[in-house]
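What follows is the residue order along each chain.
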Amino acid sequence: MIKTRTWRRLAGLALLLLGRLAPAAESVPLYVYYADPTFAAGTPDSLTDKMAVWLTQRSNGRYHFIATQLPRRRLELMMEQPAWPGVVAWANPRWFTASAARQSWSRYYMVDANLVASLRSAPLDYVDDSSLYGHSIGTVQGYTYKNLEPLLRDGKLARDDADSEARNLLKLQQRRVSVAFLQASSLPRFHRQFANLDHWLYLSPKPRTVFERAFFTAPNQPELLDFLNRQVDALIADKPWQEAFGTCKLVLPRQSGATDAQRKLCR
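Because the structure is a prediction, the values reported are computed rather than measured.

**With respect to the overall build of the protein chain**
- Broken down by element type, the protein chain carries 11 helices and 10 strands.
- In the structure as shown, the protein chain presents an accessible area of about 14100 Å², 55% of it carried by carbon and sulfur atoms.

Written as structure tokens, this is what we have:
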């Protein structure tokens, strides 16, 4: 009996010692600069919050990812530092200044699109930007829409900004604009937010643009980047995640001209 108690005591001390010696998980900010509830940290059903939990679990105690909201301007300033901590989610290098070339980018894990929305009572089938001539476009304040600036200056179309995609969708429903740009990733949330959405919303078979999303880090974090790249295949193959993204079924069935690489993200 004494020996048994002694061994139990020793085993308990060994476990306690191992627990103290085991390295604590490294805290990693998972930055998101989108204010849209689909991605914004701390909002109901936030994909960034879910991604932080998923990555933490996948790291087996190596990392603790923390969903962190960061305004775009502060993110740009942070990127000017050579060794900023953490990782940015949902990004594409085309959306950043020359500083993007100095960052370390993961492989793409999500395909998304800018959809052209109108009313079923006045549907618009998008072919190219000339399809938008004469229309008032519901756009998001602060967003840049490539190739539209010359058309706006020439008065061929009008831009009507709102503070969110949801506000633009409401303006479209109220006929205050005739067209709105919506991200495919926002549609699952809008189906929950707007009653009978499919009864009055028309989506052009061809999106305006199709694009990919990736992670990026500062170049001094190769181990973190390697970990993120190893998760990309899991994200692409994970059907519950693809359902959470909600984009593949909205992008690829449409006449989007998606590349083979983009189609692989929805395999």
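Don't stop here, the text continues.
**Considerations on the pattern of salt bridges**
- This structure, assessed with the given rule, holds 13 salt bridges.
- Here Arg 62 makes a salt bridge to Glu 223, at a shortest N to O gap of 3.5 Å. Of this pair, Arg 62 sits in the loop between helix H2 (47-58) and strand E2 (63-69) while Glu 223 is found in helix H8 (residues 222-237), placing the two residues 161 residues apart along the sequence.
- Owing to a relative accessible area of 37%, Arg 62 belongs among the partly exposed residues under this scheme.
- It is possible to trace a salt-bridge network through shared partners that takes in Glu 26, Arg 62 and Glu 223.

**Some remarks on the side chain of Thr 139**
- One can find Thr 139 in strand E6 (residues 136-140).
- For Thr 139, a relative accessible area of 2% corresponds to the buried category.
- Setting aside residues up to four positions removed in sequence, Thr 139 forms contacts with Tyr 145, Arg 159, Asp 160, Asp 161, Ala 162, Asn 168 and Phe 181.

**Structural notes on the environment of Phe 245**
- Within the secondary structure, Phe 245 is located in helix H9 (residues 239-245).
- Sequence separation of Phe 245 and Ser 185 is 60 residues, and the distance between their C-alpha atoms is 6.1 Å.
- The contacts of Phe 245, once residues within four sequence positions are left out, are Leu 47, Met 51, Trp 90, Tyr 109, Met 110, Ser 185, Pro 188 and Leu 235.

**Here's the deal with the layout of surface pockets**
- Roughly 1100 Å³ of internal volume is contained in the largest pocket.
- Lining the largest pocket are 29 residues, with Trp 95, Asn 114, Tyr 143, Thr 144 and Tyr 145 positioned closest to its centre.
- Among the secondary structure elements, those contributing two or more residues to the lining of the largest pocket are strand E8 (179-183) and strand E10 (209-217).
- Class assignment for the residues of the lining of the largest pocket results in 13 nonpolar, eight polar and eight charged.

**Some remarks on helix H5 (residues 165-173)**
- Residues of H5 that are buried: Glu 165, Ala 166, Asn 168, Leu 169, Lys 171 and Leu 172.
- A positive backbone phi angle near 65° is found at Arg 175, which sits one or two residues after H5.

**Remarks on the pairing of E2**
- Of the strand pairs in this sheet, strand E1 (residues 26-32) and E2 are connected by seven bridges, and their pairing is parallel. Its bridge partner lying in E2, Val 28 is registered against Phe 65.
- For the crossover from E1 across H2 to E2, the handedness is right-handed.

**A look at the packing of aromatic side chains**
- Scanning the model with the defined rule gives 22 aromatic pairs in all.
- Taking the centre distance of 5.3 Å and the plane angle of 40° together, the rings of Trp 241 and Phe 245 count as tilted. Placement of both Trp 241 and Phe 245 in helix H9 is noted, with a separation of four residues, approximately one turn of the helix.
- When its relative accessible area of 7% is taken as the criterion, Trp 241 is described as buried.
- Of the residues examined, Phe 245 reaches a relative accessible area of 0% and is grouped as buried.
- Above the plane of the ring of Tyr 33 lies Arg 72, whose end atom (NZ or CZ) is 5.1 Å from the centre.
- The lysine or arginine in question, Arg 72, covers the ring of Phe 96, its NZ or CZ lying 4.2 Å from the ring centre.

Each value, and the rule that gives it
- Residues numbered from 1 in each chain as written.
- Predicted model: local features only at pLDDT ≥ 70, side-chain atom pairs only at ≥ 80, totals over all residues.
- Heavy atoms only, no water.
- Helix = DSSP H or I, 4+ residues; strand = E, 2+ residues; numbered from the N terminus.
- Areas by Shrake-Rupley, 256 points an atom, 1.4 Å probe, with all protein chains shown as cover.
- Salt bridge = Lys/Arg side-chain N within 4 Å of Asp/Glu carboxyl O.
- Buried < 20%, exposed > 50% of the residue type's maximum accessible area, 1.4 Å probe, protein only.
- Contact = heavy atoms within 4.5 Å.
- 1 Å grid on protein atoms, 1.4 Å probe; cavity = no way out; pocket = protein on both sides within 12 Å on 5 of 7 lines; lining within 4 Å.
- Points joined across faces, edges and corners; volume = space filled by probe spheres on them.
- Nonpolar A, V, L, I, M, F, W, Y, C, P; charged D, E, K, R; others polar.
- Pairing = 2+ DSSP bridges.
- Right-handed = clockwise from strand over helix to strand, strands pointing away.
- Phe/Tyr/Trp six-rings, centres within 6.5 Å; stacked < 30°, edge-to-face > 60°.
- Lys NZ or Arg CZ within 6 Å of the ring centre and 35° of its normal.

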